[in-house]
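One-letter residues, chain by chain:
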Amino acid sequence: MTAQPLIGVADIATPRWAAVDAKVAKAGFRKALASLPRAVAVVLRLAWATSPGLTALAGVVHVVSGCVTAFGLLATADVFTALLQQGPTPERVVESLPAIAVVVGSYALRALLDAAVAAVEGALRPRVTRAADDEVTAAVVGVELLAFDDADFRELARQGARQGIRSIDTSLREIAALVSSGIALIAALVTAAVLNPWLAPVLLLAALADGWASARVAKMNYQHFLDTVTRNMRKSVIEEAATYRDLALERHALTLQDRLLGEYRRVAASLMDDDIRLAHRSNLVRLAGRAAAGVGTGAAYVVLGLLLYTQAMELALAGTAVLAMRTASQSLSQTTRAVNLLYEDSFHLDFYRKLLAEAAQRRAPSSAITAPEDPAEIRLHDVTFSYPGQPEPALTGLNFTIRRGEVVALVGENGSGKTTLGKLITGLYPPTEGVVTWDGADLTTLDRRSVHEQIAVIAQHPAEWPMTARNNVTVGRVDRDDPEGAAWRHAVGRSGVDEVIDGLPRGEDTVLSKKFNDGQDLSGGQWQRMGIARGIYRDAAVLVADEPTAALDARAEARVFAALNSASLDGDRRRTTILVTHRLANIRTADRILVLERGRLVQQGTHDELMARGGAYRDLYEIQARPYRAGEAQAV
Ligand SMILES: Nc1ncnc2c1ncn2[C@@H]1O[C@H](COP(=O)(O)OP(=O)(O)OP(=O)(O)O)[C@@H](O)[C@H]1O
């Protein structure tokens, strides 16, 4: 009996962006052709905006280089005519020298132009991709926090940044290839038509088979990608589970290594089998294409022979006709390839465009109204909040007011909405319904930066900034004026991070990341102290501490809560403090306790009031206090 796989029992959903490949796999060549103008316009507009001079120059050198090819072909026809009209004689060879010089000159010019094309493209493409990259990064940096909680946006940001930017670079290359091969194709067809009007369609016939084969292989690749995309994703999920550091401890302790490796190998083997099958099938299609092209070329030679036999065309021009035939076949194959690739890129370019549009929508609207400094009153009016894509709201119908200097504790079971509420009070998330006001001003109408300037957030899992210990504390207020170091001493002392810093090899100058030479990592509790120090040092009007001591030892926890409870009285101003915690003993002295149940506010009051009233709070408190009381009773 084979073991049930640990990862991927349920099917991994096909990512939304993979729809691109489904469309490309289904579309016909005409559809691909029709999509080109828009894709070309997007890329050229960007190139023009980045560097108009280089873009114009690239266009000119490409067109000139294509024209020189055409001219070279026609000049070759002259040479053949001069040499072969009635058999070569020394006089005719001398006569044809100027035409030969023109052919040689056109080849030399073409070589020079190729070098110019490479130089211009080499200068233009990195500029354009950098500009697009910059645009995307700036767009994503500027979105509101909530966007990062939306899986669709995260995926779009990933694809837009990766595939979108890559497609701009490749589109530029393909547009260039399309211009060159297009002009060469026209040149070959015009040359053939000049030699004899019947030749041009015959040339196309031979070249079409090659074009068909390359379009067919491209489609097979898209279909293959679609068939394997979810398995590839599963492979990478298993690979992460089998190799990443985050899971290493449990992987070893649960002895899962062999099991995960086995699953990894099974998926990888099935992907390899598919790759091999695809290689065989594409080879067969290419072979069929070649065979058809061979038949087409044969037909072209028959027509050529007939034209010569019936003296519809002079023998002297046959060489040029063959040359035109070869040029047409090569350039049609290149043109087909470029059209297909550009069609694929047109979808990826859509990611880039959609990402810019979506990011612009998800930016906080700019506002000239700044937030009140140190608000006297924060009020929630009928606030409901749902996470993007979630059917059930995380918070429902909240109404309450917090006054300056209050210490308000949020309590409730896991998932009751405490963390989410902290983000709404501080304007990090906008409510889905209702309004959050600071001194009467709706937060969504205020300049978002000015709101965030007023807040400090101590997260349950604080960010582990790859900076020195000092910067990890001061990063929240880098410009704070602290010449005597009083604010620094206050923050590190209250949080207890002073003991951590004293133990570091270079003290406050130690870099806290193992990615750097001499870098140092911290324990979970030490990082938490670092986060608390950062929050205190920021010295903001509204402080939210979300389970700040979950990883701290009892002594450190007591010290931090004493600091946070008195934070509202620090200095000469009263700071509003929101505490989220499960350890209810820590918030007995809070001015007010709000009890949440499944996103609704079910109780509020002081510890004594809530204990006297009975209900959810007293139940939770009793559950925590009972073991201590029992212990005390036994001791007595
Ligand atoms: N990013 C998110 N996307 C979707 N749903 C979320 C997200 N974050 C939280 N939720 C959901 O919102 C609800 C409230 O979560 P929240 O984190 O606010 O609860 P909490 O009271 O802080 O929980 P805990 O005590 O476990 O920290 C939960 O049902 C949770 O599953």
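For every chain, the first residue of its written sequence is number 1, and the numbers climb from 1 along that sequence. Only residues with pLDDT of at least 70 get local features here, since the model is predicted, and only at 80 or more are side-chain atom pairs given and counted; chain-wide, interface and lining totals rely on the full set of residues.

1. Thoughts on the overall build of the chain
Part 1 of the reasoning: Labels follow the DSSP assignment, with helices taken as runs of H or I lasting at least four residues and strands as runs of E lasting at least two, numbered in each case from the N terminus. Across its full length, the chain holds 18 helices and ten strands.
Part 2 of the reasoning: Rg of the C-alpha trace for the chain: 36 Å, well past the compact-globule value of 26 Å for 636 residues, more than 25% over.
Part 3 of the reasoning: Reported as C-alpha extents along the three principal axes, the dimensions of the chain are approximately 125 × 65 × 50 Å.
Part 4 of the reasoning: Exposure is read from a count of other C-beta atoms within 10 Å of each residue's own; the residue is exposed at 12 or fewer, buried at 20 or more and partly exposed in between. C-beta atoms are placed from the backbone. Scored against the burial criterion, the 636 residues of the chain give a buried share of 36%.
Part 5 of the reasoning: Residue pairs qualify as contacts under a 7 Å threshold applied to their C-beta atoms, which are placed from the backbone. Of the contacts formed within the chain by residues at least 6 apart in sequence, a portion of 79% connects residues at least 24 apart. In this treatment the radius of gyration is a C-alpha quantity, and the globule benchmark scales as 2.2 Å times the residue count to the 0.38 power.

2. Some remarks on the site of the ligand
Part 1 of the reasoning: Contact assignment follows one rule, namely that a residue is near a molecule or strand if its backbone-placed C-beta atom lies within 6 Å of it. Looking at the ligand, the residues that line it are Asp149, Tyr387, Gln390, Ala394, Gly412, Asn414, Gly415, Ser416, Gly417, Lys418, Thr419 and Thr420.
Part 2 of the reasoning: It is helix α10 (residues 418-425) that contributes the most residues to the shell around the ligand, three residues altogether.
Part 3 of the reasoning: By the convention adopted, Pro, Cys, Tyr, Trp, Phe, Met, Ile, Leu, Val and Ala count as nonpolar, Lys, Arg, Asp and Glu as charged, and the other residues, Gly among them, as polar. Here the shell around the ligand is composed, by residue class, of two nonpolar, eight polar and two charged.

3. Focus: helix α8 (residues 257-309)
Part 1 of the reasoning: Working rule for helices: expected span equals 1.5 Å times residues minus one. Along its 53 residues, α8 runs 77 Å from first to last C-alpha, staying within 8% of the 78 Å computed at 1.5 Å per residue.
Part 2 of the reasoning: The set of residues buried in α8 consists of Leu260, Glu263, Tyr264, Val267, Gly289, Ala293, Gly296, Thr297, Ala300, Val303, Leu304 and Leu307.
Part 3 of the reasoning: With its phi angle positive at about 60 degrees, glutamine 311 sits one or two positions after the end of α8.

4. Quick notes on the UniProt feature "transmembrane region" (unreviewed entry) in the chain
Part 1 of the reasoning: UniProt records the feature "transmembrane region" (unreviewed entry) for residues 54-77, 175-192, 198-215 and 287-309 in the present numbering.
Part 2 of the reasoning: Within residues 287-309, the helical portion is 100% and the strand portion 0%, while the C-alpha atoms at the span's ends are 32 Å from each other. UniProt positions are given in the numbering used here, feature names are shortened, and annotations may be inferred rather than shown by experiment.

5. Quick notes on the sheet that holds strand β4 (residues 433-438)
Part 1 of the reasoning: By the convention used here, strands pair only if DSSP detects at least 2 bridges between them. Read across the open sheet, the four strands follow the order β2-β1-β4-β5; overall the sheet is antiparallel. Where the open sheet ends on each side, the last strands, each with one partner, are β2 (395-403) and β5 (441-442).
Part 2 of the reasoning: Across two bridges, the pairing between β4 and β5 is antiparallel. Residue pairing for β5: threonine 437 is matched across the bridge by aspartate 442.

6. Regarding the nonpolar core
Part 1 of the reasoning: Formed by 66 residues in total, the largest nonpolar core has its most connected members in Ala409, Leu410, Ala533, Val544, Leu579 and Ile593.
Part 2 of the reasoning: Looking at this core, the element that brings in the most residues is helix α15 (residues 524-538), giving six residues.
Part 3 of the reasoning: Discounting chain neighbours no more than four positions away, the residues touching alanine 409 are Leu579, Thr581, Ile587, Ala590 and Ile593.
Part 4 of the reasoning: One nonpolar core equals one set of buried Ala, Val, Leu, Ile, Met, Phe, Trp, Tyr and Cys residues connected by C-beta atoms within 7 Å. If you look at the next biggest cluster of nonpolar residues, it comprises 61 residues, including Ala58, Val128, Ala184 and Ala192.

7. Looking at the pairing of strand β1 (residues 377-385)
Part 1 of the reasoning: Strand direction decides the pairing type here: β1 and β2, joined by six bridges, are antiparallel. Bridged to leucine 380 within β2 is phenylalanine 400.
Part 2 of the reasoning: With five bridges joining them, β1 and β4 adopt antiparallel strand pairing. Bridging from a neighbouring strand, leucine 380 pairs with valine 436 of β4.

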